[in-house]
Amino acid sequence: MESIRNYKSVSLWQRYQNSYLSYFFMYNFYYLSWALFGALISVYLMGMGFKASEVSLVVSASFLISLITQPIIGKWNDQYNLKKVNTVLFVIAIVGGLVFMLSRHLIMIMISYSVVLMSINGVNPIMEKIATASPYQYGKIRIWGTIGYALGSQLAGILYERISPQAIFIVFVFTMFLCILGLLGTQPQMQKQSQNVEKVKTRDILKNKKFLYYLLICGLFYGVTYMSNTFIPSMLTDKGLDVGITSTVLSIAVFCEAPLVLLSSHFMDRLSNKTLLMIATTMVCVQCGVYGLDMPMWMTVIVTFLVKHPVGMLFIMINLKVVNTLIDEKHQITALAIVATLKNLVSIIFQNAAGYILDMSSYSYLYMICLICMVISLLLVIFFKIDRGNEKRLFS
């Protein structure tokens, strides 16, 4: 009887291995946890009495730590078992979340928040790569990330208002454990690369003038959008929305990216790189314009729905397509890592600048400055000489 029970237990785990359920757990609860921890960070810290510049310091410190550790985490994933490495990182995130929940001083808050975001951000490129290496279509896996983030944003608001702000981080620990369960069930086929090859690839990529030009566009785009994502919740509450309604708005905004994920095969391989970049950049220009001109609340909410998360998801796919166009296949992973490193770097700069601007002025003034940055980015896109990039059908 004991052998039969063991057989059934092993058989059940074997059926779970690389199943759709394992990818659901991994993606859904990874993004749900991310949203839980970060969606209301500005509201949470300002509610504790910290200034906008101090919130920016906390967030930018996390980007700095991610900037430093991202290459190290990538190297570990190349050299060791990726499931073991990322499980350790998720456990570190759990411990960091508990410390953050108990912290009241700015230094400890900054350190613990940075540890959590270092782990979550460090795993993110691997999460995307695991999805592409799974036996299932990318969109059918990635959609659970969208749903998870939306649920996490909504759940954060409910916990904040109806239970306590600290309850957010208790639930965060639980959902991270479910994410680990999903990760352990996946069986992605990942290729390792030698350090010598990595050095050659990096040097070759940085000689590509079009790629360097593209990095300028990315720098302005990521700087504005990531800074904006930090302060949109506090901007909405500053305009009069309570925390519960704000979290609902943010949750609906996440769901608005779902059509882009599900329908990506119908437009990403048909529209040119330049057209897609112009669409994304123009969308952010409109968003900054509405926020900067202090439009009525209903317009602010609608623009948040249509731009905040959809444009972020769109640019994730655009980035994959542009890199695929500009960089040969064997160098693309490193090129994506360079873009991710740039994203962390510019986020530090923009987060700190935004915090000081808000301490001295208003959200309207901040977003008018962001609008100027995005207009410059749009001009760079207009003069960007890049191939259409439709030869390889990445999303069909």
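Remember, predicted model here, so these are calculated numbers, not experimental data.

## Quick word on the overall build of the chain
Part 1 of the argument: A tally of regular secondary structure across the chain gives 17 helices and zero strands.
Part 2 of the argument: Counting only residues that meet the buried cut, the chain has 56% of its 396 residues in that class.
Part 3 of the argument: In the chain, once contacts between residues fewer than 6 apart in sequence are set aside, the share between residues at least 24 apart is 87%.
Part 4 of the argument: Total accessible area on the chain stands at roughly 17,500 Å², and carbon and sulfur atoms take up 68% of it.

## Quick notes on a nonpolar patch on the surface
Part 1 of the argument: A cluster of nonpolar side chains, L64, I65, I68, I72, W76 and Y80, forms an exposed patch at the surface whose accessible area comes to about 550 Å².
Part 2 of the argument: The residue W76 is located in helix α4 (residues 52-79) in this model.
Part 3 of the argument: On the basis of relative accessibility, which here comes to 38%, the residue W76 falls in the partly exposed class.

## Side note on the environment of M108
Part 1 of the argument: Looking at the secondary structure, you find M108 in helix α6 (residues 106-132).
Part 2 of the argument: Given the relative accessible area of 38%, M108 is considered partly exposed.
Part 3 of the argument: Along the sequence, M108 and V58 sit 50 residues apart, while their C-alpha atoms lie 9.8 Å from each other.
Part 4 of the argument: Not counting residues within four places of it along the chain, the set of residues in contact with M108 comprises V99 and S103.

## Examining the side chain of T225
Part 1 of the argument: With respect to the secondary-structure elements, T225 resides in helix α10 (residues 209-238).
Part 2 of the argument: Here T225 falls in the buried class, since its relative accessible area comes to 10%.
Part 3 of the argument: A polar contact of 2.8 Å, which involves the side chain of T225, links it to the backbone oxygen of F221.
Part 4 of the argument: One polar contact links the side chain of T225 to the main-chain carbonyl oxygen of Y222, over a distance of 3.4 Å.

## Some details on the environment of R15
Part 1 of the argument: Tracing the chain through its elements places R15 in helix α1 (residues 2-16).
Part 2 of the argument: For the pair R15 and G185, spaced 170 residues apart in sequence, the C-alpha to C-alpha distance is 9.5 Å.

## What about the nonpolar core?
Part 1 of the argument: Judged by nonpolar contacts, the single largest core of 132 residues is most densely connected at F211 and Y214.
Part 2 of the argument: For this core, the element with the most residues is α10, which contributes 14 residues.
Part 3 of the argument: Setting aside anything within four residues of it in sequence, one finds Y214 in contact with L277, F315, N319, V322, L326, V339 and F384.

## Quick notes on the packing of α10 against helix α17 (residues 363-382)
Part 1 of the argument: One can describe the packing of α10 onto α17 by two numbers: an axis separation of 10 Å at closest approach and a directional angle of 155 degrees. The pairing of α10 with α17 is recorded here as roughly antiparallel in orientation. Seen along the crossing, α10 lies across α17 with a hand that is left-handed.
Part 2 of the argument: Tallied by class, residues from the contact of α10 with α17 come to 19 nonpolar, three polar and one charged.

## Topic: unusual backbone geometry
Part 1 of the argument: The backbone of D294 sits at a positive phi, close to 55 degrees, despite the residue not being glycine.
Part 2 of the argument: Take D294: its relative accessible area is 47%, and that puts it in the partly exposed class.

## What to know about the packing of α10 against helix α14 (residues 273-292)
Part 1 of the argument: Running from N to C, α10 and α14 cross one another at 35 degrees; their axes reach a closest spacing of 11 Å. For the element pair α10 and α14, the recorded crossing hand is left-handed. In contact with Y214, F221, V224, T225, S228, I232 and M235 of α10, α14 contributes L277, A280, V284, Q287, C288 and Y291.
Part 2 of the argument: Grouping the constituent residues of the contact of α10 with α14 by class yields 10 nonpolar, three polar and no charged.

## Re the packing of aromatic side chains
What describes a pair of aromatic rings is the distance from one ring centre to the other and the angle between the planes of the rings.
Part 1 of the argument: Counted under the stated rule, the structure contains 24 aromatic pairs.
Part 2 of the argument: Ring centres of F37 and F100 lie 5.1 Å apart, and the angle between their planes is 55 degrees; on these two criteria the pair is classed as tilted. With F37 in helix α2 (residues 20-38) and F100 in helix α5 (residues 82-102), the pair connects residues that are 63 residues apart, well separated along the chain. By the burial criterion, F37 is buried, and F100 matches it.
Part 3 of the argument: A ring pair is formed by F100 and Y113, whose centres lie 5.8 Å apart and whose planes are at 45 degrees; its orientation type is tilted. A residue pair is termed long-range when its members are at least 10 positions apart, and F100 in helix α5 and Y113 in helix α6 qualify at 13 residues. The burial state of F100 is the same as that of Y113; both residues are buried.
Part 4 of the argument: Ring-pair connections join several aromatic residues into one group, and the members of that group are F37, Y44, F100, Y113, F169 and F172.
Part 5 of the argument: Just above the ring of Y222 sits the side chain of K343; from NZ or CZ to the centre is 5.5 Å.

## Some points on α17
Part 1 of the argument: If you check α17, its first and last C-alpha atoms are 28 Å apart, about what 20 residues at 1.5 Å a residue would give, namely 28 Å.
Part 2 of the argument: Considered for burial, the residues of α17 that qualify are Y363, L366, Y367, C370, L371, C373, M374, S377, L378, L380 and V381.

## Some points on the side chain of N319
Part 1 of the argument: Note that N319 resides in helix α15 (residues 297-326).
Part 2 of the argument: Looking at N319, the relative accessible area reads 8%, which means it is buried.
Part 3 of the argument: Aside from chain neighbours lying at most four places away, what touches N319 is Y214, Y222, L336 and V339.

Conventions adopted
Residues numbered from 1 in each chain as written. Predicted model: local features only at pLDDT ≥ 70, side-chain atom pairs only at ≥ 80, totals over all residues. Heavy atoms only, no water. Helix = DSSP H or I, 4+ residues; strand = E, 2+ residues; numbered from the N terminus. Buried < 20%, exposed > 50% of the residue type's maximum accessible area, 1.4 Å probe, protein only. Contact = heavy atoms within 4.5 Å. Areas by Shrake-Rupley, 256 points an atom, 1.4 Å probe, with all protein chains shown as cover. Patch = residues over 30% accessible without salt bridge, like charges linked within 9 Å, V, L, I, M, F, W, Y side chains within 5 Å. Salt bridge = Lys/Arg side-chain N within 4 Å of Asp/Glu carboxyl O. Polar contact = N/O pair within 3.5 Å; in protein donor to acceptor, adjacent residues only side chain to side chain. Core = buried A, V, L, I, M, F, W, Y, C linked by side-chain atoms within 4.5 Å. Axes fitted to C-alpha atoms, helices over the stretch in contact; angles between N-to-C directions. Parallel < 35°, antiparallel > 145°, perpendicular 65-115°, else oblique. Left-handed = near helix turned anticlockwise from the far one by under 90°. Nonpolar A, V, L, I, M, F, W, Y, C, P; charged D, E, K, R; others polar. Phe/Tyr/Trp six-rings, centres within 6.5 Å; stacked < 30°, edge-to-face > 60°. Lys NZ or Arg CZ within 6 Å of the ring centre and 35° of its normal. Expected span 1.5 Å × (residues − 1).

Worth remembering: the numbers are spatial, not functional.
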